[in-house]
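What the coordinates show
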Amino acid sequence: MYFYFKFIFMKHATTIWLCIFLAINYTTAQPTVSKKTIAVCLTQGEMDLYNLIMEYRKEKDLPVIPLSASLTFVAQTHCKDNIINKPNDNNCNLHSWSNKSKSWKACCYTNDHAQASCMWRKPSELTNYTGDGFEIAFTVSRSNDLTYTAKPEEALNGWKKSKGHNEVIINKGIWKKQEWKSIGIGIYRGFVCVWFGRETDIEPTPIVCK
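All values reported here derive from a predicted model rather than from experimental measurement. (Residues numbered from 1 in each chain as written. Predicted model: local features only at pLDDT ≥ 70, side-chain atom pairs only at ≥ 80, totals over all residues. Heavy atoms only, no water.)

This brings us to the overall build of the chain. Of regular secondary structure, the chain possesses seven helices and three strands. Each helix and strand of the chain, ordered N terminal to C terminal, gives the series α-α-α-α-α-β-α-α-β-β. Sorting the 210 residues of the chain into buried and exposed places 41% on the buried side. Long-range pairs, those at least 24 residues apart, make up 64% of the contacts in the chain between residues at least 6 apart in sequence. (Helix = DSSP H or I, 4+ residues; strand = E, 2+ residues; numbered from the N terminus. Buried < 20%, exposed > 50% of the residue type's maximum accessible area, 1.4 Å probe, protein only. Contact = heavy atoms within 4.5 Å.)

This is how it looks when you write it as structure tokens:
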């Protein structure tokens, strides 16, 4: 009887500790509470570009990428920074960020990708998205024309003609093993950018602006 009751006690104790262990792990596995408040919606042009990209991926038998509020916020912010503050002057390319805001770290992105981490960290600098972000960007000669807004079709067609950009969109080349779980869209005047992420966004899915 002694061993029987001892076994019951140990069994129950093990169960209790197991429950505590699972509870702790369940708690730590949950998404963290949002610390940064972002307000974001998409223009009709941005939504059209999202749909065009998803149709293009469908042609390649690739899955739909969920639209992300966080990455859309980053994309829209970067479009405006490029048009208004012009960090992409001289040897700095379209992935550069200006020093005009304390919300992000400025950087001159050069073609040798020496500042790649500057791009990767932007979602976590601006939003609650903790994963890295990967950007493709497009601009036109009329980008400074206040009356002109880049068209979704011209941006996607431009990316299709560029091997590096196209491979990001359809997971080819070095991006073949990546699984995009989030995507953000930004269009401002003549500047367009799309951000891809490997983690799911905890923010609600954005909608077209009313």
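The first and last C-alpha atoms of helix H2 (residues 44–59) sit 23 Å apart over 16 residues, in line with the 22 Å expected at 1.5 Å per residue. Within H2, the full set of buried residues consists of Glu 46, Met 47, Leu 49, Tyr 50, Ile 53, Met 54, Tyr 56 and Arg 57. Looking at the packing, one finds that the buried side of H2 touches helix H3 (69–85), helix H6 (152–160), helix H7 (163–169), strand E2 (182–188) and strand E3 (191–197). Where H2 ends, the next residue or the one after it, Asp 61, has phi of about 60°, a positive value. (Expected span 1.5 Å × (residues − 1).)

A separate point is the side chain of Glu 135. With respect to the helices and strands, Glu 135 occurs in strand E1 (residues 133–139). An unpaired buried charge is present at Glu 135: no salt bridge exists, and Lys 122, the closest side chain of opposite charge, is 9.7 Å distant. A polar side-chain atom of Glu 135 sits 2.6 Å from a polar atom in the side chain of His 95. A polar atom in the side chain of Glu 135 sits 3.0 Å from the side chain of Trp 195. The residues contacting Glu 135, other than those within four sequence positions of it, are His 78, Leu 94, His 95, Met 119, Cys 193, Val 194 and Trp 195. (Lys, Arg positive; Asp, Glu negative; His and termini not counted. Salt bridge = Lys/Arg side-chain N within 4 Å of Asp/Glu carboxyl O. Polar contact = N/O pair within 3.5 Å; in protein donor to acceptor, adjacent residues only side chain to side chain.)

So, on to the pattern of salt bridges. Side-chain pairs of opposite charge can arise whenever the charged atoms involved come near each other. For the structure on display, the rule yields four salt bridges. Measuring nitrogen to oxygen at the nearest pair gives 3.2 Å for the salt bridge that ties Glu 125 to Lys 122. Highlighted residues: Glu 125 and Lys 122, both in helix H5 (residues 122–126), separated by three residues, approximately one helical turn. For Glu 125, a relative accessible area of 21% gives the class partly exposed. Its salt-bridge partner being Glu 167, residue Lys 163 comes within 2.8 Å of it at the nearest N-O pair. On the criterion of helical spacing, the pair formed by Lys 163 and Glu 167 is a turn pair, its members being four residues apart in helix H7.

All right, on to the side chain of Ser 70 then. Summarising the element assignment, Ser 70 is placed in helix H3. Here Ser 70 falls in the buried class, since its relative accessible area comes to 0%.

A separate point is H3. Under the 1.5 Å per step criterion, the end-to-end length of H3 is 23 Å for 17 residues, consistent within 8% with the ideal 24 Å. Counting buried residues along H3, 13 of its 17 residues qualify, which places the element largely inside the surrounding structure. Taking the backbone nitrogen of Ser 70 as reference, a side-chain oxygen 3.3 Å away marks Ser 68 as the first, capping residue of H3. Looking one or two residues past H3, Lys 86 carries a phi angle of roughly 50°, positive in sign.

For the rest of this paragraph, the subject is the layout of surface pockets. Roughly 510 Å³ of internal volume is contained in the largest pocket. Forming the boundary of the largest pocket are 24 residues, of which His 95, His 113, Met 119, Glu 135 and Trp 175 lie nearest the centre. Of all the secondary-structure elements, those providing two or more residues to the lining of the largest pocket are helix H4 (116–120), E1, H6 and H7. When residues of the lining of the largest pocket are assigned to their parent elements, the largest contribution, four residues, is made by E1. (1 Å grid on protein atoms, 1.4 Å probe; cavity = no way out; pocket = protein on both sides within 12 Å on 5 of 7 lines; lining within 4 Å. Points joined across faces, edges and corners; volume = space filled by probe spheres on them.)

Okay, the pairing of E1 next. With six of its seven residues buried, E1 lies for the most part within the structure. The pairing of E1 with E3 spans seven bridges and is antiparallel. If you follow Gly 133 over to E3, its bridge partner there is Gly 197. (Pairing = 2+ DSSP bridges.)

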